[in-house]
Amino acid sequence: MTAHILDELQWRGLVEQVAGPDLREHLASPRVVYAGFDPTADSLHVGSFIPLMTLRRFQMAGHRPIALIGGATGMIGDPSGKSEERVLLSEEVLRQNVAGIERQLQRFLDFSGDSGAILVNNYDWMKEFSFLQFLRDIGKHAPLGMMLAKESVKARLESESGLSYTEFSYMLLQGYDFVHLARTHQCTVQLGGTDQWGNITVGIDLARRLDGIQLYGLTGPLLTRADGVKMGKTERGAVWLDPEKTSPYAFYQYWINVADEDVGRCLRYLTELDQEAIAQLDASRAEAPHLRESQKKLAEELTRVVHGESGLAAARHATEIFFGAEIEDLDDQALADIFADVPSSQLPKARLEEGLPLIDALVEAGLCQSKGEARRTIQQGGAYVNNVRRTDLETTLRSSDLASESMLVLRKGKKKYALLRFHS
RNA sequence: GGGGGGUUUCCCGAGCGGUCAAAGGGGUCAGACUGUAAAUCUGAUGGCUCAGCCUUCGCAGGUUCGAAUCCUGCACCCCCCA
């Protein structure tokens, strides 16, 4: 990685706006850069992916990354007014969220060596501040006119919901984070999505006024689809980086299903493939879109980064099963892993021994809402047992139909699966 | 306050005494095709012990051999005149 980090970011389309006199020159020597992550949940999701990967790119280019967890800013980020009790409770949740995100961040950055990453939590320095002290030391140097002029503020002031004093203060807290990191870690560059522009410039301005130093900012794109919708959401909720919340298989599948018009940007924004490799994928996509090499490569790269080699292998294996032929000769553990995301139902083993009508099984598994629907599904060829189509209405499941020791896989249509587990 | 119109199965919307579980469209589900895409095509779409039975057409009664369809009362919605 001898190329200048800005060139690298540029061709990837990761540079939206830059703040500061000459960022290019500034980044010619090793610097300390930071990006913040709010602990709104106990795991990061795809929405944080771009800044996370950008930090990695900086690190690979020889700069030191700081991942900041917003333990303090996360406390006021939520606009809805909450009672005293719930604030206390949410502090507990917050602690867990911070812990969870800390754990994840550690997997993405290298903490060793000269440019080893640093993990900080702004709660650690914000907790020392009294309200009065903050107003005297920091607030005094933040001109209201400038803050009111921010796009982010103007939009909210004109909206129905308005803007509370607390939320208005958010940008000042984040601004101070930047100042603090500059003082304590010689951090000079802040990264963020376009929505962070206002917050970043507040920090730059504050540093100039307080310490007379020049800081820099760089905003990147948000991960959206061609039609403007934010990516990283499915019918089942956000796509998380935590394997407990989004299995490696589900994660892999999410990227496999990215639309052609979005996959190019995803490759540039999120993978570490070089320019040449991506150009090849672009060409392949133009000539033979049905091969979907771009999607496969994207899913592979990202699953490997997030879930490791073993996670990728599991996702691939599960994919084979999901789209492959008959399911047989597997053990309970393997089935449970592969179908981790699939709803499962428990039934007494006796039901199977006495013969369980397929119609009933489909209803019990929750795949059909009524027996009438189950009947129709079977007649129309939409019912599968262990991936084998069964069209006989009279089909009765027996012990011999088990795919493993105690489980059996039902499927309705192309990809709606349900697991039936039989206990004694 | 006076006059008129409406309330139908997930949604929109036909139906105006039996042939109505109720046209048509949308949605949804399944099948074919396909790139685990889009589009398209086909079928299905109240429940059940399914060639039969049961429960649905704002709510409660009534008339009829028989009502979503007629009558009475109630509730909600819309329009016109004050």
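This structure is a prediction, so every number in the text was calculated from the model and none was measured. The residue count restarts for each chain, going from 1 along the sequence in the order it is written. The order in which chains are written sets their letters, starting at A; the order in which ligands are written sets their numbers, starting at 1. It should be noted that, the model being predicted, local features are given only for residues of pLDDT at least 70 and side-chain atom pairs only at 80 or more, the latter also being counted only at that level, while totals for whole chains, interfaces and linings use all residues. Side-chain measures here rest on the full set of heavy atoms in the structure, leaving out hydrogens and waters.

## Remarks on helix α10 (residues 165-185)
Part 1: A run of DSSP states H or I qualifies as a helix once it reaches four residues; a run of E qualifies as a strand once it reaches two. Both are numbered from the N-terminal end. Each residue after the first adds 1.5 Å to the expected span of a helix. Its 21 residues place the ends of α10 30 Å apart at the C-alpha level, agreeing with the 30 Å of an ideal helix rising 1.5 Å per residue.
Part 2: Positive backbone phi, at 55 degrees, marks Gln-186, one or two positions downstream of α10.

## So, empty space enclosed by the protein
Part 1: The way it works is a 1 Å grid over only the protein atoms, where trapped points that fit a 1.4 Å probe form a cavity and open points with protein on both sides within 12 Å along at least five of seven lines form a pocket, and then any residue with an atom within 4 Å of a point lines it. Grid points are joined across faces, edges and corners, and a volume is the space filled by probe spheres set on the points. Scanning the model with the defined rule gives three cavities of 30 Å³ or more in all.
Part 2: Here the largest cavity is characterised by a volume of approximately 70 Å³.
Part 3: Forming the walls of the largest cavity are Leu-14, Ile-50, Pro-51, Thr-54, Leu-191, Gly-192, Gly-193, Leu-218, Thr-219, Gly-220 and Pro-221.
Part 4: Elements that contribute at least two residues to the lining of the largest cavity include exactly α3 (49-60), β5 (187-193) and β6 (216-220).
Part 5: Residues of the lining of the largest cavity, tallied by class, amount to six nonpolar, five polar and no charged. When residues are sorted by character, Ala, Val, Leu, Ile, Met, Phe, Trp, Tyr, Cys and Pro go into the nonpolar class, Asp, Glu, Lys and Arg into the charged class, and all the rest, Gly among them, into the polar class.

## Section: the sheet that holds strand β4 (residues 118-121)
Part 1: Strand order in the open sheet formed by six strands is β1-β6-β5-β2-β3-β4, with mixed pairing between adjacent strands. Each edge of the sheet is formed by a strand with only one pairing partner; in this case those strands are β1 (17-19) and β4. This sheet shows a mean twist of 25 degrees between the axes of neighbouring strands, independent of strand direction.
Part 2: Note that strand β2 (residues 32-37) and β5 share four bridges and pair parallel. Residue Val-33 lies in a different strand from β5, and its bridge partner there is Val-189.
Part 3: The sheet contacts of helix α11 (residues 197-211) involve β1, β5 and β6, and relative to β6 the element is tilted by about 175 degrees. Should DSSP find at least two bridges between two strands, the strands are regarded as paired. Throughout, an axis means a line fitted to C-alpha atoms (over the contacting stretch in the case of helices), and angles, computed between N-to-C directions, take values from 0 to 180 degrees. It only takes one pair of heavy atoms within 4.5 Å for two residues to be counted as in contact.

## Topic: the packing of aromatic side chains
Part 1: Stacked, edge-to-face and tilted are the three classes for Phe, Tyr and Trp ring pairs, Trp counted by its six-membered ring, which pair at centre distances within 6.5 Å; planes under 30 degrees apart are stacked, over 60 edge-to-face, the rest tilted. Counted under the stated rule, the structure contains twelve aromatic pairs.
Part 2: With 5.2 Å between their ring centres and 45 degrees between their planes, Phe-339 and Tyr-417 make a pair best called tilted. Pair noted here: Phe-339 is in the loop between α16 (332-338) and β9 (344-348) and Tyr-417 is in strand β15 (residues 416-423), with a separation of 78 residues, a long-range link. With respect to class, Phe-339 is no different from Tyr-417; both count as buried.
Part 3: Within the aromatic cluster, the residues linked to one another by ring pairs are Phe-49, Phe-251, Tyr-254 and Trp-255.
Part 4: Directly above the aromatic system of Trp-240 lies the positively charged group of Lys-245, at a separation of 4.8 Å from the ring centroid.
Part 5: Lysine NZ or arginine CZ positioned within 6 Å of the ring centre and within 35 degrees of the ring normal marks a charge as sitting over the ring. Its guanidinium or amino end placed over the ring of Tyr-384, Arg-411 lies 3.9 Å from that ring's centre, counting from NZ or CZ. Exposure classes here rest on a 1.4 Å probe applied to the protein chains alone. A residue is buried below 20% of its type maximum, exposed above 50%, and partly exposed in between.

## With respect to the domain arrangement of chain A
Part 1: All the domain ranges listed were derived from an automatic or database domain assignment. Here chain A is partitioned into domain 1 (5-220), domain 2 (233-323) and domain 3 (332-423).
Part 2: Distance between the C-alpha centres of domain 1 and domain 3: 50 Å.

## Regarding the nonpolar core
Part 1: With 53 residues, the main nonpolar core has Phe-49, Leu-223 and Trp-255 as its most contacted residues.
Part 2: In terms of domain composition, this core takes at least three residues from each of domain 1 (5-220) and domain 2 (233-323).
Part 3: When neighbours within four sequence positions are excluded, Trp-255 is seen to be in contact with Val-46, Phe-49, Leu-223, Met-231, Cys-266, Leu-270, Gln-295, Leu-298, Ala-299 and Leu-302.
Part 4: Membership of the second largest hydrophobic core comes to 34 residues, among which are Ala-72, Phe-178, Ala-207 and Leu-215. Take the buried residues of types Ala, Val, Leu, Ile, Met, Phe, Trp, Tyr and Cys, join any two whose side-chain atoms come within 4.5 Å, and each joined set is a nonpolar core.

## Observations concerning the pattern of salt bridges
Part 1: The working definition used for a salt bridge is a side-chain nitrogen of Lys or Arg within 4 Å of a carboxyl oxygen of Asp or Glu. Using the criterion set out here, one finds 21 salt bridges in the structure.
Part 2: Across the pair Asp-282 and Arg-268 runs a salt bridge, and its minimum N-O distance is 2.5 Å. Residue Asp-282 is located in helix α14 (residues 275-287), and its partner Arg-268 is located in helix α13 (residues 260-270); the two are separated by 14 residues in the primary sequence.
Part 3: We classify Arg-268 as partly exposed; its relative accessible area is 22%.
Part 4: Note that Asp-401 is salt-bridged to Arg-390, the shortest N-O span being 3.8 Å. Taken together, the positions of Asp-401 in the loop between β13 (396-397) and β14 (407-412) and Arg-390 in the loop between β12 (388-389) and β13 put the pair eleven residues apart, joining distant regions of the chain.
Part 5: Given the relative accessible area of 16%, Asp-401 is considered buried.

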